Amino acid sequence: MHRLDYPFDWKVIHRKRAAIRRQLLASEHNFLEKKIAVLGGSSTEGVVKTLELFLLKKGIKPTFYESEFGQYWEEIVLQKKALVDFSPDLILIHTSCENIKIWPKPSQSDEEVASLVKSEQDRLSQMWSAAAEAFGCPIIQNNFELPMTRQFGNLDSVLAQGKTNYVLQINKFVSEFAKEEKSFFVNDINFLSSQLGLQNWFNEELWATARYAFDHSVFPDYASNVASIVAAIFGLTKKCLVLDLDNVMWGGVIGDDGLNGVNIGPDSLVGEGFLSFQRYIKALGERGVVLTVCSKNEDTNAMEGLAHPDGAVTPSDFSVVRANWDPKSENIKKIAAELNIGLDSLVFIDDSPFEREQVRMQVQGPSVPEVTKSPSSFIMAIEKNGYFESVSLSVEDIARNSIYKTNAQRKIKQKQFSNYDDFLVSLCMKAEISKFKPIYYERITQLINKTNQFNLTTNRYSVSDIAGFAKDENCLSIYGKLEDKFGDNGLVAVLIGKQCNDEMVIDTWLMSCRVFNRNLEFAMFNEFVNCVIKKDIRRIRGVFRPTKKNKPVSSLFQDMGFDRDKDLEDGGSEWVLPLEKYKSSDYKIEVIYD
Amino acid sequence: MTEDEIFVKIKEIFQDILDDELLEIGLDSTPKEIDGWDSVVNIDIVFAVEAEFDVKFGLEGIQSISKVSDVLRLVKSGLEK
């Protein structure tokens, strides 16, 4: 759906909203359905209609609740019944600087202004705690754009009495709260409005006639920004960037122009733009985006180009490099297979309209943004489409890139062994399996919301749910970490059981695709069985709910020795394992149970 | 641009925004007669028309809209400026 890709054509999106919506809904996408409450300090109707399109594009099908006009604070704090009944999966607090209640006056002392700032902050935090308590769902809060006018001129950002300074202080408070609070996220409209320009942001006529906090031309930018956060919250962020080389990573064609003929580096006008792009993707790699190459080139030329001394990247920054003359669609499928990630977690950047179209036509899943010939357009496409938005900077994210690289090493190793068991033994795997611990709540939540393939039920949970399971006597929740001689894979497996009468029912069982075929599922299940026996329970019940992506585990219960008990209406099935039938298998992993 | 050409474009905007490609409107049609043309949709239409013709109606202009011919009149006077 190009029409929702950056650069956004607001006129088309505004006019054709209904038609675009119909098209999106008609696609065969397996949408994640979410209830989203949009609580407005200004009008929400048109905003919500545009937001719906961008959410659908990201794979989320929203049902909306909209507050009464301007009632965002009251509806939360007084827990309006309609909102409570709606029971949102997510709340967007759609405010703007029109919603700041009291502004400082030039006559007030610094201390008086400080207490005003405090009362504004208190009003916000009172609302946030009320929301957390009543709804326990993620909250996205707009911060505040700067006021259009400055009564003190440039001093407005210096004096305590300046409105600019006042807004900046409130924004800082919003950011600090978000840093502490795991399920609270900032929608940074202060950034967005500066990026687009405040003059383009606020439209006095639209405010006067319809009480919209910003101009129609801004709706797509705003909606895209919010949709990116929502997608990140529910684990739908992209993971991997697939890059063409010639005229993407450097100017020119390395096969024709040679290493010395291509433009990269600070010494040429053209080369500088490509260098900026290399720096940009290098930084993405450092924060966990997996970098790969798909280029029509000889492999030696590709490697030489990536090692260009004036470039910012090196060949080791890339987990997979596929340089050959096969169709790009085929190479992209192979990249996804090699990394063991879904095709829909890929973003493909290529300057050639032909290659973009070839990939769009031949592979379902990857995002292929429209770009121009200029490297700055690649950066903007990645930025503004919000592909790699993340909700926290987790150690796992930073480590991810190296995990995929070591995975590639393991694959090479695997080829040297004729017997898979010998290969597994050679890995010297060690697993730490334990009941949930608070330091891992965040990672467990992330894994639960991101994992699609090895996932029996695809139940999604928030951090507070996880804390709840950990404390619940009737729940048996364990995680698994796996390391081997190539490196630490981190926390990669989760198994949650809920006691129901005389049975332990498996509510959630999942494992990261990083560690497929390593037998960790057997080790996890073995520890789970041991705990179940300690609780004096003799039967385990498993549920399999099929989705588009979890085929790899469709026979898992059977493989584990369960008997099929009954078929469910949704195509799923229930399985039982009487524990006297259970036999532990030799999984070649040294387990430390904590 | 002739009055007829302007009218056809306005009609297309009504059809797009109200998501009804068969929608027929006349110069005398009022919000009451056109299903879905409420105050919120009116603003959507106004801004789409302004963008299409690159004109501005102004607050007074927007307030003066009570039937389709008003939109046509505002576009015409905008284009003349």
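This structure is a prediction, so every number in the text was calculated from the model and none was measured. (Residues numbered from 1 in each chain as written. Chains lettered and ligands numbered in written order. Predicted model: local features only at pLDDT ≥ 70, side-chain atom pairs only at ≥ 80, totals over all residues.)

K.L.:
Could you give an account of the overall build of chain A, naming the residues involved and the relevant values?
P.N.:
On a plain count of helices and strands, chain A comes out with 23 helices and 18 strands. For a compact globule of 594 residues, the expected C-alpha radius of gyration is about 25 Å, and chain A comes in at 26 Å, within 12% of that figure. Projected onto its principal axes, the C-alpha positions of chain A cover 80 × 70 × 45 Å. Taking the contacts inside chain A whose residues are at least 6 apart along the sequence as the reference set, 72% of them involve residues at least 24 apart. (Helix = DSSP H or I, 4+ residues; strand = E, 2+ residues; numbered from the N terminus. Rg over C-alpha atoms; globule rule 2.2 N^0.38 Å. Contact = placed C-beta atoms within 7 Å.)

K.L.:
So what about the environment of D488 of chain A? Which residues, and what values?
P.N.:
Residue and element names in this part refer to chain A. Mapped onto the fold, D488 is located in strand β13 (residues 487-500). Assessed through the 15 C-beta atoms surrounding it within 10 Å, D488 is described here as partly exposed. Taking the C-alpha atoms as reference, D488 lies 9.4 Å from K430; in sequence the two are 58 residues apart. (Buried ≥ 20, exposed ≤ 12 C-beta atoms within 10 Å, placed from the backbone.)

K.L.:
Give a description of the domain arrangement of chain A that names residues and reports values.
P.N.:
All names here are of chain A. The assigned domain composition of chain A is domain 1 (2-233), domain 2 (240-384) and domain 3 (418-593). Relative placement of domain 1 and domain 2: their C-alpha centres are 35 Å apart. With 4 residues of domain 1 in contact, the opposing surface of domain 2 contributes 5 residues. Here the residues of the side of domain 1 that touches domain 2 sort into 1 nonpolar, 2 polar and 1 charged. (Domains from an automatic or database assignment. Nonpolar A, V, L, I, M, F, W, Y, C, P; charged D, E, K, R; others polar.)

K.L.:
Quick rundown of the packing of helix α3 (residues 45-57) of chain A against helix α11 (residues 219-233) of chain A? Include the residues and the values.
P.N.:
The axes of two packed helices give the description: the angle between them and the distance between them. All names here are of chain A. Relative orientation of the contacting elements α3 and α11 amounts to 55°, with a least axis distance of 8 Å. Here α11 runs oblique to α3, going by the angle between their axes. Handedness of the crossing formed by α3 with α11: right-handed. Seen from α3, the contacting residues are G46, V47, T50, L51, L53, F54 and L55; seen from α11, they are F219, P220, Y222, A223, S224, V226, A227 and V230. Partitioned by chemical class, the residues of the contact of α3 with α11 number 12 nonpolar, 3 polar and no charged. (Axes fitted to C-alpha atoms, helices over the stretch in contact; angles between N-to-C directions. Parallel < 35°, antiparallel > 145°, perpendicular 65-115°, else oblique. Left-handed = near helix turned anticlockwise from the far one by under 90°.)

K.L.:
Lay out the pairing of strand β8 (residues 320-324) of chain A in plain terms, naming residues and giving numbers.
P.N.:
Residue and element names in this part refer to chain A. Sheet topology places strand β7 (residues 290-296) next to β8; 5 bridges connect them, and they run parallel. Bridge assignment links S295 to a residue of β8, and that residue is A323. Note on the crossover from β7 through helix α14 (residues 299-306) to β8: the handedness is right-handed. (Pairing = 2+ DSSP bridges. Right-handed = clockwise from strand over helix to strand, strands pointing away.)

K.L.:
Any chance you could break down the sheet that holds strand β2 (residues 60-66) of chain A for me, citing the residues and the numbers?
P.N.:
Residue and element names in this part refer to chain A. Spatially, β2-β1-β3-β4-β5 is the arrangement adopted by the 5 strands of the open sheet, whose pairing is parallel. Every other strand in the sheet has two partners, leaving β2 and β5 (184-187) as the edge strands with one partner each. When strand polarity is set aside, the average angle formed by the axes of neighbouring strands in this sheet is 25°. Bridging between strand β1 (residues 32-40) and β2 involves 7 bridges; their strand directions are parallel. Bridging from a neighbouring strand, V38 pairs with E66 of β2. Of the strands in this sheet, β2, β3 (90-94), β4 (139-142) and β5 are in contact with α11, which crosses β5 at around 160°.

K.L.:
Quick one: what's the story with the interface of chain B and chain A, residue by residue and with numbers?
P.N.:
At the junction of the two partners, chain B supplies 12 residues and chain A supplies 13 residues. Elements represented by at least two residues in the side of chain B that touches chain A include exactly α1 (3-17), α2 (39-53) and α3 (58-63) of chain B. Among the elements that line the side of chain B that touches chain A, the one with the most residues is α2 of chain B, at 6 residues. Taken together, the residues of the side of chain B that touches chain A break down into 9 nonpolar, no polar and 3 charged.

K.L.:
Can you break down the nonpolar core residue by residue, with the values?
P.N.:
Residues and elements named next belong to chain A. If you look at the biggest cluster of nonpolar residues, it comprises 76 residues, and the most contacted ones within it are I91, L92, V226 and V230. With 10 residues, the top contributor of residues to this core is α11. When neighbours within four sequence positions are excluded, V230 is seen to be in contact with L55, I60 and L90. The next biggest cluster of nonpolar side chains, apart from the first, holds 46 residues, and it includes L243, C294, I341 and F378. (Core = buried A, V, L, I, M, F, W, Y, C linked by C-beta atoms within 7 Å.)

K.L.:
Tell me what's going on with the environment of S193 of chain A, and back it up with residues and numbers.
P.N.:
Mapped onto the elements, S193 of chain A comes out in helix α8 (residues 189-196). Considering only alpha carbons, one finds S193 of chain A and F214 of chain A, 21 residues apart in sequence, at a separation of 9.2 Å.

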